[in-house]
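Remarks on the overall topology
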Amino acid sequence: MQRRGGTVVHPWPEPLPASWSGQLDRPEPLPYVQVELTVVEIEVDVAFEHQRWRHRVRYIRARPDVSTYDVPLLLGEEEGYFGEP
């Protein structure tokens, strides 16, 4: 996601190019609805083998107390994420 003027801009074009679906028999663009972003807490394992992640992402809980603007776009990109100074 990109930030532009204090707002988060969705990185995907509207509509999605037909080639993004992986369905070669569907040549028309794919419409979709962008939704309001919600911060959620997840548990992940970084184990990767045979060109795939070994374990799936596990949903923990929604975090309505955290704004999407409080979460860095990439971990380590900003100081102070997760309450650290």
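The rules behind each value
- Residues numbered from 1 in each chain as written.
- Predicted model: local features only at pLDDT ≥ 70, side-chain atom pairs only at ≥ 80, totals over all residues.
- Heavy atoms only, no water.
- Salt bridge = Lys/Arg side-chain N within 4 Å of Asp/Glu carboxyl O.
- Helix = DSSP H or I, 4+ residues; strand = E, 2+ residues; numbered from the N terminus.
- Buried < 20%, exposed > 50% of the residue type's maximum accessible area, 1.4 Å probe, protein only.
- Patch = residues over 30% accessible without salt bridge, like charges linked within 9 Å, V, L, I, M, F, W, Y side chains within 5 Å.
- Areas by Shrake-Rupley, 256 points an atom, 1.4 Å probe, with all protein chains shown as cover.

Structural notes on the pattern of salt bridges
Two side chains that carry opposite charge are able to pair once their charged atoms sit near each other. The tally for this structure, following the rule as stated, stands at five salt bridges. A salt bridge links glutamate 43 to arginine 58, with the nearest nitrogen and oxygen atoms 3.2 Å apart. Taken together, the positions of glutamate 43 in strand β3 (residues 40-43) and arginine 58 in strand β6 (residues 58-62) put the pair 15 residues apart, joining distant regions of the chain. On the basis of relative accessibility, which here comes to 43%, the residue glutamate 43 falls in the partly exposed class.

Thoughts on a nonpolar patch on the surface
Judged by side-chain polarity, Val40, Ile42, Val44, Val57 and Tyr59 come together as a nonpolar surface patch covering roughly 470 Å² of accessible area. Topologically, valine 40 is positioned in strand β3.

A look at the environment of tyrosine 69
Residue placement: tyrosine 69 occurs in the segment after β6. You can call tyrosine 69 partly exposed: its relative accessible area is 41%.

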